[in-house]
Amino acid sequence: MATLTVPPVPPSPRDDAMQLYRAFKGFGCDTSAVINILAHRDATQRSYIQHEYRSMYSEELSKRLASELSGKLETAVLLWMHDPAGRDATIIRQSLMAESRNLEGATEVICSRTPSQLQYLKQIYHSMFGVYLEHDIQKYTNPGDHQKLLLAYISTPRHEGPEVNREIAEKDAKVLYKAGEKKLGTDEKTFIHIFSERSAAHLAAVSSYYHDMYGHSLKKAVKKETSGGFAHALLTIVQCAVNPGKYFAKVLHKAMKGLGTDDSTLIRVIVTRTEVDMQYIKAAYLKKHRKTLNDEVHSETSSHYRAFLLSLLGPNH
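These numbers were taken from a predicted model, which means no experiment stands behind them.

(A) Looking closely at the overall build of the protein chain. Along the backbone of the protein chain there are 20 helices and zero strands. Radius of gyration (C-alpha) of the protein chain: 21 Å, near the 20 Å computed for a compact globule of 317 residues. When the backbone C-alpha atoms are referred to their principal axes, the protein chain occupies close to 70 × 45 × 40 Å. Residue burial in the protein chain is summarised as follows: out of 317 residues, 47% are buried. Considering only contacts within the protein chain whose residues lie at least 6 apart along the sequence, 69% involve residues at least 24 apart. Working note: accessible area of the protein chain is about 15,500 Å², and carbon and sulfur atoms make up 52% of it. Of note, the protein chain has its 41 positive side-chain charges centred 4 Å away from the centre of its 35 negative side-chain charges.

(B) Examining the state of the cysteines more closely. Across all of its chains, the model carries zero disulfides by this definition. There is no disulfide at C240, and the cysteine sulfur nearest it, in C111, is 8.5 Å away.

(C) Representation of the domain arrangement of the protein chain. Per the domain assignment, the segments making up the protein chain are domain 1 (13-69), domain 2 (166-242) and domain 3 (245-313). One C-alpha centre belongs to domain 1, the other to domain 2; they are set 46 Å apart.

(D) Fine view of the packing of helix α6 (residues 84-97) against helix α9 (residues 133-140). Put simply, α6 and α9 touch, their axes get as near as 10 Å, and they point 20° apart. Between α6 and α9, the crossing angle belongs to the class labelled roughly parallel. Regarding α6 and α9, the two cross each other, and that crossing is left-handed. Residues I92, R93, L96 and M97 of α6 touch α9, and the partners they reach there are L133, D136, I137 and Y140. Here the residues of the contact of α6 with α9 sort into six nonpolar, no polar and two charged.

(E) Examining the pattern of salt bridges more closely. A full pass over the atoms with the stated rule returns 15 salt bridges. Here K122 ties to E134 by a salt bridge, and the two come within 3.5 Å at their closest N and O atoms. In this pair, K122 sits in helix α8 (residues 115-129) while E134 sits in helix α9, placing the two residues twelve residues apart along the sequence. With relative accessibility at 15%, the residue K122 sits in the buried group.

(F) Quick look at the packing of aromatic side chains. In this structure the tally under the stated criterion is ten aromatic pairs. Between Y125 and F129, the aromatic rings sit 4.9 Å apart at their centres with planes inclined by 65°, giving edge-to-face as the arrangement. Here F129 and Y125 lie together in helix α8, a separation of four residues that amounts to about one turn. Residue Y125 is classed as buried on the basis of its relative accessible area of 0%. For F129, a relative accessible area of 26% corresponds to the partly exposed category. Among the aromatic residues, ring-to-ring pairing joins Y21, F24, Y53 and Y57 into one connected group. In this arrangement the basic side chain of R158 is found over the ring face of Y153, its NZ or CZ atom lying 3.7 Å from the centre.

About the thresholds
Residues numbered from 1 in each chain as written. Predicted model: local features only at pLDDT ≥ 70, side-chain atom pairs only at ≥ 80, totals over all residues. Heavy atoms only, no water. Helix = DSSP H or I, 4+ residues; strand = E, 2+ residues; numbered from the N terminus. Rg over C-alpha atoms; globule rule 2.2 N^0.38 Å. Buried < 20%, exposed > 50% of the residue type's maximum accessible area, 1.4 Å probe, protein only. Contact = heavy atoms within 4.5 Å. Areas by Shrake-Rupley, 256 points an atom, 1.4 Å probe, with all protein chains shown as cover. Lys, Arg positive; Asp, Glu negative; His and termini not counted. Charge placed at Lys NZ, Arg CZ, Asp CG, Glu CD. Disulfide = S-S within 2.5 Å. Domains from an automatic or database assignment. Axes fitted to C-alpha atoms, helices over the stretch in contact; angles between N-to-C directions. Parallel < 35°, antiparallel > 145°, perpendicular 65-115°, else oblique. Left-handed = near helix turned anticlockwise from the far one by under 90°. Nonpolar A, V, L, I, M, F, W, Y, C, P; charged D, E, K, R; others polar. Salt bridge = Lys/Arg side-chain N within 4 Å of Asp/Glu carboxyl O. Phe/Tyr/Trp six-rings, centres within 6.5 Å; stacked < 30°, edge-to-face > 60°. Lys NZ or Arg CZ within 6 Å of the ring centre and 35° of its normal.

In structure tokens, the structure reads:
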């Protein structure tokens, strides 16, 4: 469930484009006006506004936003202006190209999306950057299990429905136990095979059987048997199969706890999940931390950046 609040009768995209143009005119930008419009329009409306802006003022709205805004607010708003697939492509590309080789963003996006979303994402990635996603993954990640899993995950067709063959799920749980906890060392190939070929519903069943048979979660086994980027990818896949709301609540909490805030993670998760399942994430956050996600974001951010993120999160309850 999304948290985006859109006016019951939103202004026409043309009116919105004119209001934005007005907000840019004169000395300094009326940032509050920009947020009030863009943070309350869905993906289709944002696309129409960009189209109108281009035809009326002969310039790209995103270019204008980039020159009028700055810092974290600029990052968040520009990401928000993309359609979901374009946004995912942008996040993956930036994550792969980052000098720090921090692949968390790319891994999270790839391993939490459905097969049909990944198919479309690959087309968009190619049209935006002129290169195949597979090639970039091979070029910018270290050879090894993490790379193998990412490549398998974006190229393997998986079932998307809720149907599960219980016998196969139970067998998979046994196979994973034998490939991991039961033996010395880990048979990574088996983990890659099962995690990349099975549907989310199937993996959720495997996880449940694993717990019933071995007394602890598959997640715990993955943490024990693997490490680094490979572990992160496997954990993202299994946790998003079982409960994506809980998974993203955990990612957000980690980004805000302790000294300082991991703003790139905060922006990535809030912007990409607002129109998907943010209600569930907020509920999971409240249940686990006895604090609302809105209150936490409010205390970790400031100024227009804070206003924008809170607008996306919707009412605080």
